[in-house]
Structure formats: C-alpha cells, structure tokens
Amino acid sequence: MKADTRRLVVHAPMIVLSLLAVFPVWWMVVTSLKPENEIFSTRLWPASPSLENYAYVLDAIPMIRILWNTFAMAAATALAQVLTGLCAAYALTRWRFRGSGIAQGLIALSWLVPFQLTMIPNYVLATKLGMLNTIAGLVIPNAAAAFAVLVLTNAMRSFPKDLIDAARMDGAGHLRVLCEVVVPNLRAPLASLGVLAFISAWNEYFWPLLLTRRIEDTVVQIGLQMFMTQEGNQWGAMMAAATLASLPILLLYLVLHRQIIDSFMRSGIR
Amino acid sequence: MNGIDLSAIRKRFGETEVVKGLDLTIAEGEFLVILGPSGCGKSTLLRLIAGLEDVTQGRIRIGGRDVTHEEPGRRGCAMVFQNYALYPHMTVAGNMAYGLKVAGVPRRERAERVARIAGMLELGALLDRRPHELSGGQRQRVAMGRAMIRSPRVFLFDEPLSNLDAKLRAQLRLDIKRLHRDLGTTSVFVTHDQLEAMTMADRMVVMNGGRIEQAGTPQEIYRRPATRFVAGFIGAPAMNIFPALIDEAGRAMVSGGWYPCPDAVWALPPGTEVDLGVRPADVLPGAPAPGRPAFTPDVSEDVGTEVHLHARGAGLDLTLSAPAGAALPQNDFSVSFPAAAAHCFAGESGQRAALRPTQKPERTDETWTATSLSFT
C-alpha cells in the first residue's frame, strides 16, 4: 500500500505533464476532423467526424509537393549539419593547430548570434546567387550549425584516441579513419544529433518565408499560413494541414523511438 | 636492414620539452626495452618512432630510410597498444585484416593471412567474435595478431601487458619472447615494469626526464648502473643509498664517521659529496661493533623465494634481502659490504664514480653469508 502511494505520488505529476503535452496534439487532430459548424465546440470528439478538411487542404494547396519539399530540405539540412559538425569536431579534437581554441570559441559564439542579425545579409547573398525558391537556398545557410559542432566535439573528446592511432598505424588516412572508425563508433550521438537537426529544420519558418515566393516551392510551415486569411482563420483546414505536417515526424518517432531515446540518453542530449 | 636510428630527437609540447636531444640506434632484430617512470618520455619516443607524433627536431631512420616526415602507415611499423585499441565494431578477423584492407590486399589473401596468424596465436575459434566478447588476454593476442599480419619491419609495444593480471602477464611475456625469437623482427617495447624489462630485453634503455640515463644489457644496467637514478630505479627491493663524503684517502664516509665499505677507494677529490649504494642482496649483516651504526630490524617481507628485511639506524633506512630460510637478524646489527658490491655516485651530477685504478676488485657474485652468522 505504501509502495503504491509512493508510486502514485511519483507518477501523478508525470501523468499531468504528459496530458498537458499530449492535449494540444489531440485537439489539433480533433479539430481537423470537425465539420465547419462544429469548429468552436469544446467536445473532446466531434459529433460527426469528417475528412472534408483534409480533402479541402489537398485541393487548396499542393500539400504532397510541400511535404516532399520539407522532407528534402530537412533531410539535407540534417545530413549537412552532421557532416560539417563531424569534420569540424574531428579537426578540433585531433589536429593540433595554432588558433584551434579561438576557432572553437568563435564557433560557440556564433551560436549566440540571433537569426534576425544574419537574415538580411543571407537573403541578399541567396538572391544574388539565384537561390530564391530553391531547396539549396533553404539548406546551404543552415548547412553548418554551432550546436552540431559542439555536440560532436564533446563526443569526439571522449572517443578513445588509441583507436584512431591504431587505424593510422594500419595505414588509414584521416578521411578513412573518420568514415570507417569514428563514425561507426559514434552512432548514438550522430543519430540523436541527426534527429534533432531534422526536427529543427522541419519546423523552420522564417527563412523559408523569406526565401520562397511560390506555393509549390515552399515548405509545410509556410503552407499552413495559407489558411490564415484576411477573412479569418480556416481552423479546420489549418489543423488538417498541421496534422499532415506532423505525420512524418510522428512516423519517424514511432519507427525509431527506441533508438532515439537510447541515443539521446547515451549521448547526453536531453 | 630493419634497424632504427634516432639522431638528436627533440619533442616539445608547447613550452614543455618531453624528449631532450636523444640519440639511439636499435640494431636489426634487436628486442629493445625502454624503461622509465611515468612522464619520462618513453611513450612519446615510441609514438615518434611510429609517426603518431611529429618530431620537433632530429631525424628518424628505419632500415636506413629517413622516415621523419612519413605517415605512420608508411613507416613499416606495427604497434600494440596498452589498452588493445581494437575496433569495437569489427570482428576479430575484421580487426586483424583492417590494415591489409587499407593496403588494398584482395579479400581472399586477407582471409588466408588472418587464418595463418590466428593459428599461430590460437585465435582460430574467435575470429567471428567482437572485442567485447573476449577476455583481456584474448584481446591482447588479437592486438598482436593485428600487428603481425602486415609483416612489419618493426614492432612497437606500448606497455601492452600493464592491463593484465600477473599470471596472464607472465604468460604473454613468454609468448612475445617466443614470437620475437621465431620472427626476428626488430622490436621496441615500452614499459615501466622493470621485471618485464629485465626479462624481455636484449638491450634496455632507461629514460628519465626526456633523456637516456643508460643503455645496455639488463645485466650491465643492474650490475653497473651509470647514474644515481638508474641505481634507485632498477632492482627490487631498491638499492640502499647512503649520503656520504669522500675523505682524504678516497674512501666514502657515511655520517658519523662510518665506513661501510672501507676497502673501496674512489677516484674522486676529497670532500666530494656522494651517494654510496649497495644492493639489498649484497649487504653483509654483522654483530654490532663500535664505529658502526646499529640497525634495528623493523619489518620483514616474505616473497617466497627470498625475504626482505627493512631496518633503521642512525637516521638511515636499510633493506637487506636473503634467500628464504636464511637466518635474519632478530636484534640490532651492523652492516658492511665488499668494494665490488659498492656503487658510488657523485652527489651533484649523479654520475657513477670509478674506483681508483690501482684497485681492481673482481666482482664476484657474493653468496649470502648471513646463514653462517648467528645473532642472539
């Protein structure tokens, strides 16, 4: 009985917090299934659920195309951030060179620079390079992230130096050491960083808003905005689009949830 | 010609000089052990030979070829690391064959060579296992197999036995000796364990503070330590060292007018401060006598084959060792030792002093005489 009470005391706040976290998602899905006349009802399940909002969304905007754009942009950004982070972390931890401490400090500092500060120069540059309305334009300015470099530098510091030395004695060059020895043994931090970078890129709003002009070239966060009109918000359609936008991330989590939690725990990213 | 020639090697890490102008030649097929305390630069020296660190100054030649600026994989060296350094994501076979894979050796030939080396090291049944499924000894044998498979010109061992228990260490010591005998490959073995060094080396190098204190065969180094440091570092229990002063006649006088070795006359000017040393096994205990300090037995340690007795007297610590079963002093005793067993090191430089030329005692292996003495 005492143990049960203790368990309840421990679990009760967690249950409340979980409900708080899950409720907005639940409300989004429920609203997306509500017909127009029920939108503002506070019932936890619509009286007559329908998929008409989904049909409307797919008809009103090129949703599949937008989802694909978002996926391509997020996957490319995550991959680029992991690759650049990996190379930078290897160089910072394995090579002794003058100014390596300063380089690392500057990378850490760049993390503190707000997006609003680099937004205009990046926009001007992207325009001059002809990257408006392109996925490359969305990816390249975010291809290197200070967070990725710092996380991987940290992971690489605790990587056994002897393994790298052994590979070098075996005749492997730096690239080969990185690809064949370091990467297979740093899967946990690489996976967690990749997932974080993917989610962060998927949720990107401002940069795509600046860079994309055409609806078929944009990403899902901008697509959602299409249902906020001067005549008022189309809540049902917006929630249907938001649900569709969340599905890939949800699917990614459902498939990989064991690995993601494991890698977050092991890599120390929480 | 697979010898190693190191000339004027210096290595600095920032402001700290770790290797300070070192010259060393290692003959082809030689098993050289580098011995020294932690931080003496022995592992750095090995890494310089391997190419894992760049020299600040000096030249490294292997087999007559200048490899000072060569990449590690191109020097023809293979290294066995202290903590094995096996690739955790590869099987035993994968670990052993990795160097061959990098060198572009065809898969079939790799498999053949892995099988041959695995047979030599009795690893045949473990080829599909991963490192975490192996015991410490098995891991070290895999590490040795990985080094052997490329038929290197030089083997480099960086304290490879220090993570193993005593029994396994003794076994692997023998295995390495046998492999060296069979393969005849030039080997450089770094350790801080003097037993390992003494038992394995064709030749030993004792390092301290980034410099070579002495190089020679284990017997030369044990019998005639060139410096005060080597004298104290080699031998277990450690050599007894007494601070002394050279008198007008060249004899070493320990504080209080005691001449523990009156027969030895040193080629040093009178008044020179010296350290007078004697191995614990060479100490001759005797009955207390006037003019000699009395040592009081403190603690004895029985190590099976011999017994070590630690004693104190006149502000000095003394250790003597005797074969197991020999009678040890139970009460106060005095001490002397023959000139041939005495070692004298000049106080400032720590360099070994010679006996005066007129005096050439032949070093005989003194047998323990305490058994014939009785202390009551």
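Residues numbered from 1 in each chain as written. Chains lettered and ligands numbered in written order. Predicted model: local features only at pLDDT ≥ 70, side-chain atom pairs only at ≥ 80, totals over all residues. Heavy atoms only, no water.

Peer 1: Explain the nonpolar core to me, please; I cannot follow it from the model alone.
Peer 2: Across soluble globular proteins, nonpolar side chains have a tendency to be buried as a group. If you look at the biggest cluster of nonpolar residues, it comprises 59 residues, and the most contacted ones within it are Val182 of chain A together with Leu6 and Leu156 of chain B. Dropping the residues within four chain positions of it, valine 182 of chain A is found in contact with Tyr90, Met156, Phe159, Ile164 and Val177 of chain A. Judged by nonpolar contacts, the second largest core, of 43 residues, contains Leu35, Ala78, Val92 and Ile149 of chain B. (Core = buried A, V, L, I, M, F, W, Y, C linked by side-chain atoms within 4.5 Å. Buried < 20%, exposed > 50% of the residue type's maximum accessible area, 1.4 Å probe, protein only. Contact = heavy atoms within 4.5 Å.)

Peer 1: Looking at this model, I keep getting lost on the sheet that holds strand β5 (residues 65-66) of chain B. Mind explaining?
Peer 2: For sheets, the rule is that strands pair by backbone hydrogen bonds, running either parallel or antiparallel. Residue and element names in this part refer to chain B. Strand order across the open sheet formed by four strands is β2-β1-β4-β5, with antiparallel pairing between neighbours. Two strands in the sheet have a free side with no partner beyond their single neighbour: β2 (16-26) and β5. As paired strands, strand β1 (residues 4-13) and β2 are joined by eight bridges and run antiparallel to one another. The residue bridging isoleucine 4 from the neighbouring strand is isoleucine 26, located in β2. Relative to β1, helix α1 (residues 42-50) is tilted by about 115°, and along the sheet it contacts β1, β2 and β4 (57-62). (Pairing = 2+ DSSP bridges. Helix = DSSP H or I, 4+ residues; strand = E, 2+ residues; numbered from the N terminus. Axes fitted to C-alpha atoms, helices over the stretch in contact; angles between N-to-C directions.)

Peer 1: It is not clear to me how the domain arrangement of chain A should be interpreted in this structure. Could you clarify?
Peer 2: In many analyses, interface size is given as the accessible surface area lost on bringing the parts together. Residue and element names in this part refer to chain A. Splitting chain A by domain gives domain 1 (1-50) and domain 2 (56-267). Taken together, the contact between domain 1 and domain 2 spans six residues of the former and seven residues of the latter. Here domain 1 meets domain 2 over a buried area of about 520 Å², counting both sides, of which 82% is carbon and sulfur. Between the two partners, domain 1 and domain 2, sit zero salt bridges. Counting the contacts that link domain 1 with domain 2 gives zero residue pairs in polar contact (both at pLDDT 80 or more). (Domains from an automatic or database assignment. Buried area = accessible area lost by both parts, 1.4 Å probe. Salt bridge = Lys/Arg side-chain N within 4 Å of Asp/Glu carboxyl O. Polar contact = N/O pair within 3.5 Å; in protein donor to acceptor, adjacent residues only side chain to side chain.)

Peer 1: Teacher, can you tell me more about the sheet that holds strand β13 (residues 273-278) of chain B here?
Peer 2: All names here are of chain B. Sheet architecture is open: four strands sit in the order β12-β11-β13-β19, paired in antiparallel fashion. In this open sheet, the two edge strands, each paired with only one partner strand, are β12 (252-254) and β19 (342-346). Ignoring strand direction, the axes of neighbouring strands in this sheet form an average angle of 45°. Bridge analysis of strand β11 (residues 240-246) against β12 gives three bridges, and the strand direction is antiparallel. Following the sheet pairing, isoleucine 246 is matched in β12 by alanine 252.

Peer 1: Quick question: what am I supposed to make of the interface of chain B and chain A here?
Peer 2: At the interface, 27 residues of chain B touch 17 residues of chain A. Together chain B and chain A conceal approximately 1,900 Å² of surface at their shared face, both sides included; 52% is due to carbon and sulfur atoms. The interface formed by chain B and chain A holds four salt bridges in total. Taken together, the connections running from chain B to chain A amount to 12 residue pairs in polar contact (both at pLDDT 80 or more). Residue assignment for the side of chain B that touches chain A shows that the elements contributing at least two residues are α1, β6 (77-80) and α2 (92-102) of chain B. The element contributing the most residues to the side of chain B that touches chain A is α2 of chain B, with four residues. A class-by-class count of the residues in the side of chain B that touches chain A yields 16 nonpolar, five polar and six charged. (Nonpolar A, V, L, I, M, F, W, Y, C, P; charged D, E, K, R; others polar.)

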